[in-house]
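One-letter residues, chain by chain:
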Amino acid sequence: MLHLLPKLPYSFDALEPYIDARTMEIHHGKHHQAYIDKLNKALEKYPKLQNKSAEELLKNLDLIPEDIRTAVRNHGGGHVNHSFFWQILKKGVEPSGEILKAINKKFKGFDAFKEEFSSKAVGLFGSGWCWLVLNEKGELEIITTPNQDSPISQNKIPVLGIDVWEHAFYLKYQNRKQEYIDAFWNVVNWKKVNDNFLKAKK
Ligand code: MN
């Protein structure tokens, strides 16, 4: 079974002006596609692994043959992280529901949460992601991962995440990473994030 590029659940320009159409087009069609192509390539030698979902592969990286482990980590991670990211983006959805309650409780209010998340995202050196996850203890936690490492390889379930690779923002924001992160808050699909949270808690 080949891994395939999932369709975006909206048009390229749906997140304008916060995330521009050209960035979305290249990010989805070129970057995400490249992770998928390289994941498929890495799995060519191991037909048994081709039947597993990319999430399953990432959950048990130590079971992946050593010669393709780094490729699965990077490109499988790239595939899963981007598939997740597209889903949690939408304009005009206010935070609500159980996730809002849980954030308020854990972070001393929504603004304090946003501030901590933003500052971890902007402070991430090099390429990577900033996440709100449900950790092993069933608690909300903000973490960053380098490169395309997925929280699920650390037994953490992503609820919300931001891609802070330069390819995610450079066309529009160049070196103004903080501006990209500030804009990101306008395109978080809190309905989907709440669904992720409820599913993670089960
Ligand atoms: Mn990306």
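Details of the structure are given in the entry above.
I will try to describe carefully the structure that is included in this document. (Residues numbered from 1 in each chain as written. Predicted model: local features only at pLDDT ≥ 70, side-chain atom pairs only at ≥ 80, totals over all residues. Heavy atoms only, no water.)

Describing unusual backbone geometry
In step 1: Pro17 follows Glu16 through a cis peptide bond whose omega is 0°.
In step 2: Among the structural elements, Pro17 can be located in the segment before helix H1 (21-43).
In step 3: Non-glycine residue Lys108 carries a positive phi angle of around 60°.
In step 4: Mapping Lys108 onto the fold places it in the loop between helix H5 (97-107) and helix H6 (110-123). (Helix = DSSP H or I, 4+ residues; strand = E, 2+ residues; numbered from the N terminus.)

So, the coordination of the manganese ion
In step 1: Protein-derived ligands of the manganese ion are His27 (NE2), His82 (NE2), Asp163 (OD) and His167 (NE2), with the metal-ligand distances lying across 1.9 to 2.1 Å.
In step 2: Going along the chain, you hit the donors of the manganese ion in the pattern H-x54-H-x80-D-x3-H. Pair noted here: His27 is in helix H1 and Asp163 is in strand E3 (residues 157-163), with a separation of 136 residues, a long-range link. Across this residue pair, the class does not change: His27 and Asp163 are buried. (Donors = N, O, S within 2.8 Å, 3.2 Å for Na, K, Ca; no water. Buried < 20%, exposed > 50% of the residue type's maximum accessible area, 1.4 Å probe, protein only.)

Some points on helix H4 (residues 66-87)
In step 1: For H4, with 22 residues, the first-to-last C-alpha span of 31 Å sits near the 32 Å given by 1.5 Å per residue.
In step 2: Residue Val72 marks the point of greatest curvature in H4, where the axis turns by about 35°. (Expected span 1.5 Å × (residues − 1). Bend = angle between axes of the 7 residues up to and from the residue.)

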